[in-house]
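Okay, here's what each chain looks like letter by letter:
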Amino acid sequence: MKKAEDFSEWYNEIVEKANLTDKRYPIKGMNVWTPYGWKIMQAIDSHIREEFDATNHQEVCFPLLIPEDQFAKEKAHIKGFDSEVFWVTHAGLNPLDVKLLLRPTSETAMYPIFSLWVRSHADLPLKTYQIVNTFRYETKQTRAFIRVREIHFFESHTCHADFEDAERQVKEDYDVLAVLSKKWCLPYRLLRRTEWDKFPGAFYTVGIDTLLPSGRSLQLGSIHQYMENFSKPYEIKYEDENGEHKYVHQTTFGMSERLVGAVVAIHGDDKGLVLPPEIATTQVVIVPVLSKGETETVTKAARDLFEELKASGVRVHLDERDVRPGVKYYDWELKGAPLRLELGKRDMEKGKVTFVRRDTGEKSLKDRGKVVQETKQILALVAKDMFVRARKEMDDGVATVASLDKLPEKMIRTGWCGGEDCGHEIEAKSGMNILGIPVDGEKFDGTCVICGKPTRTPVYMARAM
Ligand SMILES: [Zn+2]
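Since we're looking at a predicted model, the values are computed, not measured.

Description of the packing of helix α2 (residues 35–54) against helix α6 (residues 163–184)
Okay, step 1: Remark: α2 packs on α6, axes separated minimally by 10 Å, with the N-to-C direction vectors making an angle of 145°. For the pair α2 and α6, the crossing hand works out as right-handed. Contacts from Ile 44, His 47, Ile 48, Glu 50, Glu 51 and Phe 52 of α2 reach α6 at Asp 173, Val 176, Val 179, Leu 180, Lys 183 and Trp 184.
Okay, step 2: For the contact of α2 with α6, the class distribution of residues is 7 nonpolar, 1 polar and 4 charged.

Dropping the structure here:
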């Protein structure tokens, strides 16, 4: 299994070999989370909770089922999701009066209730989020974590007094994302989607896109500004200081289990997973290297080391299985534990412990007395290096072109005047999807690749994973 040779096959194999998921469940695209995979997802969820709680969002949990008439209220939204929803039509043997659908996302579940919760300006901003499973009938080929039909999903939903406050929320989302992405070692670009590719019902959509080693893009999530597009049909209104009734402006932010897929895809290698320390269930694995006659001394020293690291707050595991050290190295490399400590008689005599980094394979000898300090330093360094390396790979994976002939298998950056006709032609000629224009005001001085008009806006595009 070689990542560089057949990325797609490598990915499919690695998620199973590392035991992140069990694909044998009899519904396509609905996979079982194994204990190991679920712990990784839970770590990501806990980071999300931490950041959203810290920015005064309240966690909620809305019902899974949405009545058809509520779903149908925002016309663009229903049109966008119509072909993807699962319907519940019967209760037992009796057809339901109003059909119910499994949430593909929760706007239409939440907003009728938001219209009851929001009464006055004192209720604003209303900042909520939930982490639940959503359901979308994916028609393309399914792939674990990346293209599934039951999706473990994070969604924040906010209501604001006006457009400016909603814009402030979008900026706060960018800041939160920047913090989270460092923990996950996932670089990304914020790209404002085209009018024809924005979220159904949104005023605008910003995609959070990363690049996979295959040269294909992967959308990690999205942030939407709805303006009053949903508050009008759902009648989410408030009374302002002057007694005037106004519609709220809304935003959402969504991310999913794709984050797990991205970590696997971007950091994994031919030996298996490479987990960022903040995500890793086991950050450090201790492997005692036993030699004849010294088993007891080494075992005791390994257990002491384990207790010391555990007490310091490191997620550590002592592998005392009765198998050769080589087998343990292999297994933990496959599982992606960021750091391995080897403890043998020879090192012990010198007062040393061998450290092996999973991301680089680099080995070093450290003083036994400084193990806790060294472990924390190296884990922090691993996280930093993984992020920097991945960001460099993402940046190196972009080709700036002035013509759409013979495009490389990369993320493509070119000039676009912003006109819809030119946009469609760019997509048709390149065979790629326009991801959008950078929201950070990236400098560009060129011409539209179709009509030749001067433009200061680059556009990014890629084939999607
Ligand atoms: Zn043009």
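We are not done yet, so read on.
Some points on the layout of surface pockets
Okay, step 1: In this structure, the largest pocket occupies an estimated 1400 Å³ of space.
Okay, step 2: Lining the largest pocket are 50 residues, with Glu 84, Arg 136, Arg 147, Gln 219 and Arg 258 positioned closest to its centre.
Okay, step 3: Broken down by element, the lining of the largest pocket gets its largest block of residues, 8 residues, from strand β11 (residues 217–227).
Okay, step 4: When grouped by side-chain class, the residues that make up the lining of the largest pocket number 20 nonpolar, 16 polar and 14 charged.

Focus: unusual backbone geometry
Okay, step 1: In this structure, the amide linkage connecting Leu 124 to the following residue, Pro 125, adopts the cis form with an omega of -5°.
Okay, step 2: When you line up the elements, Pro 125 lands in the loop between α5 (107–117) and β7 (126–135).
Okay, step 3: Its identity as a non-glycine residue notwithstanding, Phe 145 has a phi of 70°, on the positive side.
Okay, step 4: Within the secondary structure, Phe 145 sits in the loop between β7 and β8 (150–160).
Okay, step 5: On the basis of relative accessible area, Phe 145 is assigned to the buried category, the value being 3%.
Okay, step 6: One non-glycine residue, Met 227, lies in positive phi territory at about 50°.

Quick look at the pairing of strand β9 (residues 189–192)
Okay, step 1: Relative to strand β10 (residues 204–211), β9 is paired through 4 bridges, and the arrangement is antiparallel. Its bridge partner being in β10, Arg 189 is matched across the sheet by Asp 209.
Okay, step 2: Of the pairings in the sheet, the one linking β9 to strand β22 (residues 433–438) comprises 2 bridges and is antiparallel in character. Across the sheet, residue Arg 192 finds its bridge partner in β22, namely Ile 437.

Some details on the sheet that holds strand β4 (residues 65–67)
Okay, step 1: As summarised here, the arrangement of the 3 strands in space is β4-β6-β5, forming an open sheet in which the pairing is antiparallel. Each end of this open sheet is capped by a strand with a single partner; those strands are β4 and β5 (87–91). The sheet shows a mean angle of 45° between the axes of neighbouring strands, direction not considered.
Okay, step 2: Sheet topology note: the β5/strand β6 (residues 94–102) ladder contains 4 bridges and is antiparallel. Bridge pairing in β6 links Val 88 to Leu 100.

Digging into the coordination of the zinc ion
Okay, step 1: Every protein donor of the zinc ion is listed here as Cys 417 (SG), Cys 422 (SG), Cys 448 (SG) and Cys 451 (SG), and their distances to the metal cover 2.3 to 2.4 Å.
Okay, step 2: For the zinc ion, the 4 donor atoms are set out with angles of 103 to 115° between them, so the coordination reads as tetrahedral.
Okay, step 3: By relative accessible area, which is 28% here, Cys 417 ends up partly exposed.
Okay, step 4: A residue is classified by how much of its surface remains accessible, and Cys 422, at 11% relative accessible area, is buried.

Topic: the packing of aromatic side chains
Okay, step 1: All chains considered together, the criterion is met by 22 aromatic pairs.
Okay, step 2: On the basis of an interplanar angle of 50° and a centroid distance of 6.0 Å, the ring pair of Phe 52 and Tyr 129 is categorised as tilted. Remark: Tyr 129 occurs in strand β7 and Phe 52 occurs in helix α2; sequence separation between them is 77 residues.
Okay, step 3: Phe 52 sits in the buried class, given a relative accessible area of 0%.
Okay, step 4: Put simply, the rings of Phe 62, Phe 81, Tyr 111, Phe 114, Trp 117, Phe 199, Tyr 226, Phe 230 and Tyr 234 pair up and form one aromatic cluster.

Points about the nonpolar core
Okay, step 1: By size, the foremost hydrophobic cluster in this structure holds 52 residues, and its most contacted members are Leu 20, Ile 48, Trp 184 and Met 255.
Okay, step 2: Listing elements by their share of this core, those giving two or more residues are α1 (7–17), α2, β7, α6, β10, β11, β14 (249–256) and α7 (258–267).
Okay, step 3: Per-element accounting of this core gives the leading share, 7 residues, to α7.
Okay, step 4: If we skip the residues at most four places from it in the chain, Trp 184 touches Ile 44, His 47, Ile 48, Met 255, Leu 259, Val 263, His 267, Pro 276 and Ile 279.

Some points on the pairing of β22
Note on strand geometry: in a regular strand, side chains alternate between the two faces of the sheet.
Okay, step 1: Alignment of β22 against strand β25 (residues 458–462), held across 3 bridges, turns out to be antiparallel. Bridge pairing in β25 places Gly 436 opposite Tyr 460.

Concerning the pattern of salt bridges
Okay, step 1: Applying the stated criterion across every chain, the model contains 33 salt bridges.
Okay, step 2: Of the charged contacts, one joins Asp 165 and Arg 168 as a salt bridge, the two residues approaching to 2.9 Å between their closest N and O atoms. A residue pair is termed a helical-turn pair when its members lie 3 or 4 positions apart in one helix, as Asp 165 and Arg 168 do in helix α6 at 3 residues.
Okay, step 3: Take Asp 165: its relative accessible area is 18%, and that puts it in the buried class.
Okay, step 4: One salt bridge in this structure joins Arg 368 and Glu 308, with 2.9 Å as the shortest N-O distance. Of this pair, Arg 368 sits in the loop between β19 (363–367) and α11 (371–396) while Glu 308 is found in helix α8 (residues 295–311), placing the two residues 60 residues apart along the sequence.
Okay, step 5: With a relative accessible area of 23%, Arg 368 lands in the partly exposed category.
Okay, step 6: Exposure remark for Glu 308: the relative accessible area of 32% places this residue in the partly exposed category.
Okay, step 7: Through salt bridges with shared partners, a single network forms among Lys 271, Glu 333, Arg 340 and Glu 342.

Thresholds applied
- Residues numbered from 1 in each chain as written.
- Predicted model: local features only at pLDDT ≥ 70, side-chain atom pairs only at ≥ 80, totals over all residues.
- Heavy atoms only, no water.
- Axes fitted to C-alpha atoms, helices over the stretch in contact; angles between N-to-C directions.
- Helix = DSSP H or I, 4+ residues; strand = E, 2+ residues; numbered from the N terminus.
- Left-handed = near helix turned anticlockwise from the far one by under 90°.
- Contact = heavy atoms within 4.5 Å.
- Nonpolar A, V, L, I, M, F, W, Y, C, P; charged D, E, K, R; others polar.
- 1 Å grid on protein atoms, 1.4 Å probe; cavity = no way out; pocket = protein on both sides within 12 Å on 5 of 7 lines; lining within 4 Å.
- Points joined across faces, edges and corners; volume = space filled by probe spheres on them.
- Buried < 20%, exposed > 50% of the residue type's maximum accessible area, 1.4 Å probe, protein only.
- Pairing = 2+ DSSP bridges.
- Donors = N, O, S within 2.8 Å, 3.2 Å for Na, K, Ca; no water.
- Tetrahedral: all angles 85-135°; square planar, octahedral: opposite > 155°, others 65-115°.
- Phe/Tyr/Trp six-rings, centres within 6.5 Å; stacked < 30°, edge-to-face > 60°.
- Core = buried A, V, L, I, M, F, W, Y, C linked by side-chain atoms within 4.5 Å.
- Salt bridge = Lys/Arg side-chain N within 4 Å of Asp/Glu carboxyl O.

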